[in-house]
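Chain and residue survey
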Amino acid sequence: MADLTVFQEKISALLNDVELRFYEPMSKHTSFRIGGNAEVMAFPKNTVELARLLKTSALLDTKPAILGAGTNVLAPDEGLGGLVICLKDCLSGMEQLDENHIR
C-alpha cells in the first residue's frame, strides 16, 4: 500500500474507531462503477459516528463529500482528495432544517 498522506494520518489518529478506508476506489460505491480512489472514505454506522466525522472534518478544515447509495453519481477518474463520507449504512432519512443544518 502507498504511504499515507498527512491528512490520512491525522484523521486516522482522531477517528480510530470509525471505519476508514484509504485510497478506496469510488467505482466500488457508484452504480455506474466509475471513479478513481478517494483519499479517505468513511463508513459511519450511526449518527454518533457521523457527528464525530463532521466535527473532525471541520477541525481539520476540510469539507467532506457526502455519498448516499451511490446511484446516479459520476465520480471523477482522477479520484477525490480529502474525505468522502458514505451514508448508506448510517441514515434512514434526512430532513434539512435550514441552510446549514440537517437532521
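**Structural notes on the layout of surface pockets**
The computed volume of the largest pocket comes to approximately 510 Å³. With seven residues, the top contributor of residues to the lining of the largest pocket is helix α2 (residues 47-59). Here the residues of the lining of the largest pocket sort into ten nonpolar, five polar and four charged.

**Remarks on the sheet that holds strand β2 (residues 37-42)**
Taken in spatial order, the four strands of this open sheet run β1-β2-β4-β3, and their pairing is mixed. Each of the sheet's edge strands pairs with one partner strand only, and the pair in question is β1 (20-25) and β3 (65-67). Strand-to-strand twist in this sheet, taken as the mean axis angle between neighbours without regard to direction, amounts to 35°. Bridge count between β3 and strand β4 (residues 80-86): three bridges; the pairing is parallel. From the neighbouring strand, Leu 67 faces β4, where its bridge partner is Cys 86.

Conventions adopted
All residue numbers here refer to positions counted from 1 along the written sequence of the relevant chain. For this predicted model, a pLDDT threshold of at least 70 governs which residues receive local features, and a threshold of 80 or more governs which side-chain atom pairs are given and counted, while totals over whole chains, interfaces and linings are taken from all residues. Only hydrogens and water are set aside; all other atoms, that is, all heavy atoms of the structure, feed into the side-chain values. Each cavity reported here is a set of points on a 1 Å grid over the protein atoms alone in which a 1.4 Å probe fits but cannot get out, each pocket an open set with protein on both sides within 12 Å along at least five of seven lines, and each lining residue one with an atom within 4 Å of a point. Grid points are joined across faces, edges and corners, and a volume is the space filled by probe spheres set on the points. Numbered from the N terminus, helices here are DSSP runs of H or I no shorter than four residues, and strands are runs of E no shorter than two. Only Asp, Glu, Lys and Arg are considered charged in this grouping, and only Ala, Val, Leu, Ile, Met, Phe, Trp, Tyr, Cys and Pro are considered nonpolar; every other residue, Gly among them, is considered polar. A pair of strands is treated as paired once DSSP finds two or more bridges between them. Note on geometry: axes are C-alpha line fits, over the in-contact stretch for helices, and angles between N-to-C directions span 0 to 180 degrees.

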